[in-house]
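Structure at a glance
Chain by chain, the residues run as shown.
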Amino acid sequence: MLYKLAHIIKDRFPFVWDVVEKVNEWLFVMRYGRKTKRITVKAVPDGYELKHLRDVPAERIEAFFAHQPKEAFSYFRPHPFDKKSIVRLQKNGSYLAYLLIDKLNGQIAGYCFNRCFFQGRGFRGRMVDIDYRGKRLGTAMNRILNEVGFGIGLRLFESVSKDNVASYRSALSASNVRVVEEMDNHELFLEILPD
Ligand SMILES: CC(C)(COP(=O)(O)OP(=O)(O)OC[C@H]1O[C@@H](n2cnc3c(N)ncnc32)[C@H](O)[C@@H]1OP(=O)(O)O)[C@@H](O)C(=O)NCCC(=O)NCCS
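Residues numbered from 1 in each chain as written. Predicted model: local features only at pLDDT ≥ 70, side-chain atom pairs only at ≥ 80, totals over all residues.

Within the largest apolar cluster, 39 residues are counted, with the highest numbers of intra-cluster contacts made by Ala97, Leu99, Leu100, Ala109, Cys112, Met141 and Ile144. Contact partners of Leu99, with chain neighbours within four places excluded, come to Lys51, Leu53, Val56, Ile61, Ile108 and Tyr111. (Core = buried A, V, L, I, M, F, W, Y, C linked by C-beta atoms within 7 Å. Buried ≥ 20, exposed ≤ 12 C-beta atoms within 10 Å, placed from the backbone. Contact = placed C-beta atoms within 7 Å.)

Right, dumping it as structure tokens:
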């Protein structure tokens, strides 16, 4: 219900969403700010480095999104992908996002985030670079997001389409899940359960 409402506000009343986002960030940082500074992540796969969104230049992140084929965005539209929007997310203390960097060539291999809400909920999302698909990085990023989210005491959720097989399977491989709601268009709203 909260999830649907958030989407309606975001899509139809962007100015209201901006205010909601700012207030949420402020309250989230008050409640969780100290904990987010102490986050440590162990699930980073060998050969990769995990960087916080704010520690990578926005131009590089914009180029990562531009490098992905159109199909990659069929089920992945969490925010606009231009430089200005990325800079905004980099400054948002409730948007805990990370990039997986290939140590061999410095390339961004994946992007993942927990969009966090001060009531104690986080919503997961991730994208693996087209050249790095099928190497279990999507599953690894789910584990990273679980470590981050559960580590600071959030309940975690995500919506996933049954038609997006790789996403659905990587969600199941990395975590126990509970189907909260089955929505239209084969979408499932999942709660991710701690191990
Ligand atoms: C979803 C996504 C992140 C998966 O990343 P990935 O690193 O390629 O996936 P993994 O290698 O971790 O594989 C996860 C599971 O999906 C399966 N899988 C991967 N690609 C598949 C494909 N094209 N078709 C069917 N199954 C596939 C794997 O076999 C694995 O299954 P298993 O755990 O049961 O063995 C990636 O496909 C992607 O970035 N898609 C575009 C963005 C998107 O849709 N994001 C999700 C919405 S938030």
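Contacts to the ligand come from 21 residues, most closely from Gly138, Thr139, Ala166, Ser170 and Ser173. Taken together, the elements giving at least two residues each to the shell around the ligand come down to strand S4 (121-128), helix H5 (137-151) and helix H6 (165-174). With six residues, the single largest contributor to the shell around the ligand is H6. Partitioned by chemical class, the residues of the shell around the ligand number eight nonpolar, eight polar and five charged. (Near = placed C-beta within 6 Å. Helix = DSSP H or I, 4+ residues; strand = E, 2+ residues; numbered from the N terminus. Nonpolar A, V, L, I, M, F, W, Y, C, P; charged D, E, K, R; others polar.)

This part is about unusual backbone geometry. Located in the positive-phi region is Arg136, a residue other than glycine, with phi close to 70°. Within the secondary structure layout, Arg136 lies in the loop between S4 and H5. The phi torsion at His186 lies on the positive side, around 65°, for a residue other than glycine. Looking at the element boundaries, His186 is found in the loop between strand S6 (176-182) and strand S7 (187-193). The exposure class of His186 is exposed, given the 12 C-beta atoms found within 10 Å.

In terms of burial, strand S2 (residues 95-102) is largely enclosed, as seven of its eight residues are buried. Strand direction decides the pairing type here: S2 and strand S3 (residues 108-117), joined by seven bridges, are antiparallel. Each bridged residue has a counterpart across the sheet, and for Leu99 the counterpart in S3 is Tyr111. Two successive antiparallel strands, S2 and S3, enclose a turn made up of five residues, where Gly106 displays a positive phi of approximately 75°. (Pairing = 2+ DSSP bridges.)

On to the packing of H5 against H6. Orientation of H5 relative to H6, taken along the N-to-C sense of each, is 50°, at an axis distance of 8 Å. Judged on the interaxial angle alone, H6 and H5 are oblique. For the element pair H5 and H6, the recorded crossing hand is right-handed. In this structure, H5 uses Gly138, Thr139, Asn142, Arg143 and Asn146 to contact H6, whose residues at the interface are Ala166, Ser170, Ala171, Ser173 and Ala174. When its residues are assigned to classes, the contact of H5 with H6 shows three nonpolar, six polar and one charged. (Axes fitted to C-alpha atoms, helices over the stretch in contact; angles between N-to-C directions. Parallel < 35°, antiparallel > 145°, perpendicular 65-115°, else oblique. Left-handed = near helix turned anticlockwise from the far one by under 90°.)

Next up on the list: the environment of Cys116. Structurally, Cys116 is set in strand S3. Under the C-beta neighbour-count criterion, Cys116 is labelled buried, with 27 such atoms within 10 Å. When the C-alpha positions of Cys116 and Arg155 are compared, they lie 9.6 Å apart, and in sequence the two are 39 residues distant. For Cys116, the residues in contact, after removing those within four places along its chain, are Phe28, Ser94, Leu96, Gly122 and Leu154.

This paragraph deals with the sheet that holds S2. Strand order in this open sheet of seven strands is S1-S2-S3-S4-S5-S7-S6, and the pairing throughout is mixed. Lying at the two open borders of the sheet, with one neighbouring strand each, are strand S1 (48-52) and S6. Across the sheet, the mean angle separating the axes of adjacent strands is 25° when strand polarity is ignored. One ladder, built from five bridges, connects S1 with S2; its direction is antiparallel. Counterpart to Glu49 in the pairing with S2 is Ile101.

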